[in-house]
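Structural characterization, general
Each chain, written out:
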Amino acid sequence: MEQDMEKRKGEKSEQSNEEKWVHDGSFDYKGRVPLRASTGAWKASLIVIMVEISERMSHYGISMNLITYLTEVIHEDLKTAAKNVNNWYGVTTLMPLIGGFVADAYTGRFYMVQLSSLIYMMGLCLLTMSQYIPSLRSCNTEICQRPRKVHEVVFFLAIYAKSLGTGGFRPCLQSFGADQFDDGHLEEMKKKLSFFNWWNFGLCFAVLISSTVIVYVQDVVNWGVSSLLLTSFMAIAVITFWIGKPFYRYRKTEGNPLLPILQVLVAAIRKRGLHCPSNPDLLYRVPISDQSQGRLLSHTRRFRFLDKAAIIEEEYVEQEVNPWRLATLTRVEETKLVLNIVPIWITLLASGACGAQGTTFFVRQAAATDLNIGNGFKIPPASLNSVSAIGTLIGVPIYDKVFVPIMRKITGNERGISILRRINIGLILSAMIMVLSALVEVKRLRMLEHEVSRTGETELNTMSVYWLIPQNLIAGVGDAFSMVGMQEYFYDEVPDSMRSLGLALYFSVFGIGSFLSTFLIIAVDNVTAKSGKSWIGKDINSSRLDKFYWLLAVISFLNVLVFVFIEKRYIYKKVQMKAMETNGYKSDDDDSIMEDTKV
């Protein structure tokens, strides 16, 4: 009896010790095993979210009104300005591919954020200088018909330096925030499911401030003051991130994350003549003495050819394992994950092209409306983005606190609905936005055909800006589904060693989408110009953006059908985990393996 009691006390003591420390491969700022109570979880991730808010205020403060600056200060025509905005935004969202890769392979996420934030600050300082130093300003008069060439050069150099800084800042900061939760701990795992929702809640708060306060300062006060404010916000972000250093959990880099994938492909090709065993237990697994590489993955039946890389050849049993000839089952499954992502990534590009309209044509569309909202107060055109932010700010808490608990009881899925189903709802809303935008633009153009008499003068009948509210509000609600879902997908469904690179793939959806939008503008302009009148004219009133929106709507709805086809056949990541209490809920993959062995 006493021996049983002693045994139980020992087990409780061991369990308490396991609860006290975090054993997920992370370490604290002194290189030790982290204490659960003083590091990570919300205490650390909230700091990261606050930093994200400051950085996003700086980013959106530039991007939302960039087309206005290019058309009204640098005096570019609508087509050229739209292409320049799309190209800059495309570069900004593709740079994370480089920053994410370098962070995962060499520097680690924390130090990549530190390095890139300094480059980011240099770009903002240069932008501020271009507004205040007399020789770098656009000109010395308030109304500038032809800006100085040096101003254009410095301005574009500044915003592209900011793009370079964004390349390391964005993917690493978000993945670093998600790293603060232990996937093997039930309570922290549940909190992590809400992290991406509240991350986007903070992001949309930044959008709201940028599209109201910052845009108003740009349009009513001057661009110099706004640049100074944005530089200050970023400086606060850099300092705050450094102050939080003792509270973070850090992860070791594992070298080039693409090398193991290449090794699996080479090994599978070398053994292409062998037959895959019907029993996956015969495939090579991580030796028990070497289970430090991270979470192990279970076998799936997709891409069976790659299983050949894990077939043990008898003639090489006595030799040292050559990774170019024999790969572990986990490495094989990680390669399958990467290949599985490709069709999803391609189908998301259409939504990226639709999203690009929010910072280009939507802003010019708003500028062509009556911006008076009462008592003679006119809002800046870019402030309409605040409606999208409000839509997301409303949508995210409702989704997280109402929709998920209800759907969790119905479906038994811990997330409420699967990640891809959440994304698909957002894609459907994105297509609907294009339809609504086209209808509103038709209405606006028809109103311009009728003149009205005001105070004895004849003027064009201008549409109220209120007509544009529904499309922007739906866009915000759609982001609560698609953007948050994509972030979860590209973080969870990539190999653990590629999480920064995975989020960089998420950002690249919008980067490639922006370039795709530019390509469509050029193609549509060239094709329609042959018929006598281009859909993309020199200004908004000489264009036929409604037809351009209809084109995007058709592409989007066809894309939704393809996405549904892929979603129904998708197999989620299967992780071998330590057996734990799950309250009866299942993951996105019903067949996830829960093993008693700690891995």
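Structure's up top.
Note that the structure is predicted; figures quoted are calculated from it, not measured.

A short note on the packing of helix α2 (residues 41-63) against helix α8 (residues 223-243)
It is at 9 Å that the axes of α2 and α8 come closest, and there the two elements cross at 160°. Judged by the inter-axis angle, α2 sits roughly antiparallel to α8. Between α2 and α8 lies a crossing whose hand is left-handed. For the pair α2 and α8, the contacting residues are Ile47, Val51, Ser54, Glu55, Met57, Ser58, Gly61 and Ile62 in the first and Leu230, Phe233, Met234, Ala237, Thr240 and Phe241 in the second. Taken together, the residues of the contact of α2 with α8 break down into 9 nonpolar, 4 polar and 1 charged.

Observations concerning α8
Across its 21 residues, α8 extends 31 Å between first and last C-alpha, which sits within 8% of the 30 Å expected from 1.5 Å per residue. When we look at burial in α8, the residues that qualify are Trp223, Gly224, Ser226, Ser227, Leu230, Thr231, Met234, Ala237, Val238 and Phe241. Down the axis of α8, the buried set is contained in an arc of 165°. They therefore lie on one face. Exposed side chains of α8 directed beyond 90 degrees from the buried face belong to Ile239 and Ile243.

Regarding unusual backbone geometry
Positive phi outside glycine occurs at Phe303, with the angle close to 45°. In this structure, Phe303 sits in the loop between β3 (296-297) and α10 (329-355).

Concerning a nonpolar patch on the surface
A surface patch of nonpolar side chains, amounting to about 610 Å² of accessible area, comprises Ile390, Ile394, Ile398, Val402, Ile406, Ile410 and Leu473. Sort the elements by how many residues they give to the nonpolar patch and helix α12 (residues 385-411) lands first, with 6 residues. Tracing the sequence through the fold places Val402 in helix α12. Judged by its relative accessible area of 42%, Val402 falls in the partly exposed class.

A look at the side chain of Asp104
Topologically, Asp104 is positioned in helix α4 (residues 78-107). Of the polar contacts made by the side chain of Asp104, one reaches the side chain of Arg109; its length is 3.2 Å. When neighbours within four sequence positions are excluded, Asp104 is seen to be in contact with Arg109, Thr253, Glu254, Gly255, Pro257, Ser497, Met498, Arg499, Ser500 and Leu501.

Observations concerning the nonpolar core
Judged by nonpolar contacts, the single largest core of 103 residues is most densely connected at Tyr248, Leu348, Phe361, Ile423, Tyr489 and Phe548. Broken down by element, this core gets its largest block of residues, 10 residues, from α2. When near neighbours in sequence (up to four residues on either side) are disregarded, Tyr248 contacts Phe27, Asp28, Thr39, Ala44, Ile47, Val48, Phe110, Phe176, Gln180, Thr240 and Phe241. Val264, Ala268, Ala310 and Ala327 belong to the second largest nonpolar core, which has 11 residues in total.

Description of the packing of α4 against helix α6 (residues 149-178)
Between α4 and α6, the least distance of the axes is 7 Å, while the angle of their chain directions is 40°. Put simply, α4 runs oblique to α6. Where α4 crosses over α6, the handedness of that crossing is right-handed. Counted together, Asn84, Asn87, Trp88, Val91, Thr92, Met95, Pro96, Gly99, Gly100 and Ala103 of α4 and Phe156, Ile159, Tyr160, Lys162, Ser163, Leu164, Thr166, Gly167, Gly168, Pro171 and Cys172 of α6 form the full contact between these two elements. Here the contact of α4 with α6 is composed, by residue class, of 11 nonpolar, 9 polar and 1 charged.

Notes on the pattern of salt bridges
Summed over all chains, the structure comprises 18 salt bridges. Asp182 is the salt-bridge partner of Arg36, the closest N and O atoms lying 3.4 Å from each other. Taken together, the residues span a long stretch of sequence, with Arg36 in the loop between β1 (26-27) and α2 and Asp182 in the loop between α6 and α7 (186-221) at a distance of 146 residues. A salt bridge links Arg170 to Glu52; the shortest N-O distance between them is 3.1 Å. With Arg170 in helix α6 and Glu52 in helix α2, this pair connects stretches of sequence that are 118 residues apart. Residue classification places Arg170 among the buried positions, given a relative accessible area of 10%. Judged by relative accessible area, Glu52 falls into the buried class, the value being 1%.

Criteria and thresholds
- Residues numbered from 1 in each chain as written.
- Predicted model: local features only at pLDDT ≥ 70, side-chain atom pairs only at ≥ 80, totals over all residues.
- Heavy atoms only, no water.
- Axes fitted to C-alpha atoms, helices over the stretch in contact; angles between N-to-C directions.
- Helix = DSSP H or I, 4+ residues; strand = E, 2+ residues; numbered from the N terminus.
- Parallel < 35°, antiparallel > 145°, perpendicular 65-115°, else oblique.
- Left-handed = near helix turned anticlockwise from the far one by under 90°.
- Contact = heavy atoms within 4.5 Å.
- Nonpolar A, V, L, I, M, F, W, Y, C, P; charged D, E, K, R; others polar.
- Expected span 1.5 Å × (residues − 1).
- Buried < 20%, exposed > 50% of the residue type's maximum accessible area, 1.4 Å probe, protein only.
- Arc of directions from axis to C-beta.
- Patch = residues over 30% accessible without salt bridge, like charges linked within 9 Å, V, L, I, M, F, W, Y side chains within 5 Å.
- Areas by Shrake-Rupley, 256 points an atom, 1.4 Å probe, with all protein chains shown as cover.
- Salt bridge = Lys/Arg side-chain N within 4 Å of Asp/Glu carboxyl O.
- Polar contact = N/O pair within 3.5 Å; in protein donor to acceptor, adjacent residues only side chain to side chain.
- Core = buried A, V, L, I, M, F, W, Y, C linked by side-chain atoms within 4.5 Å.

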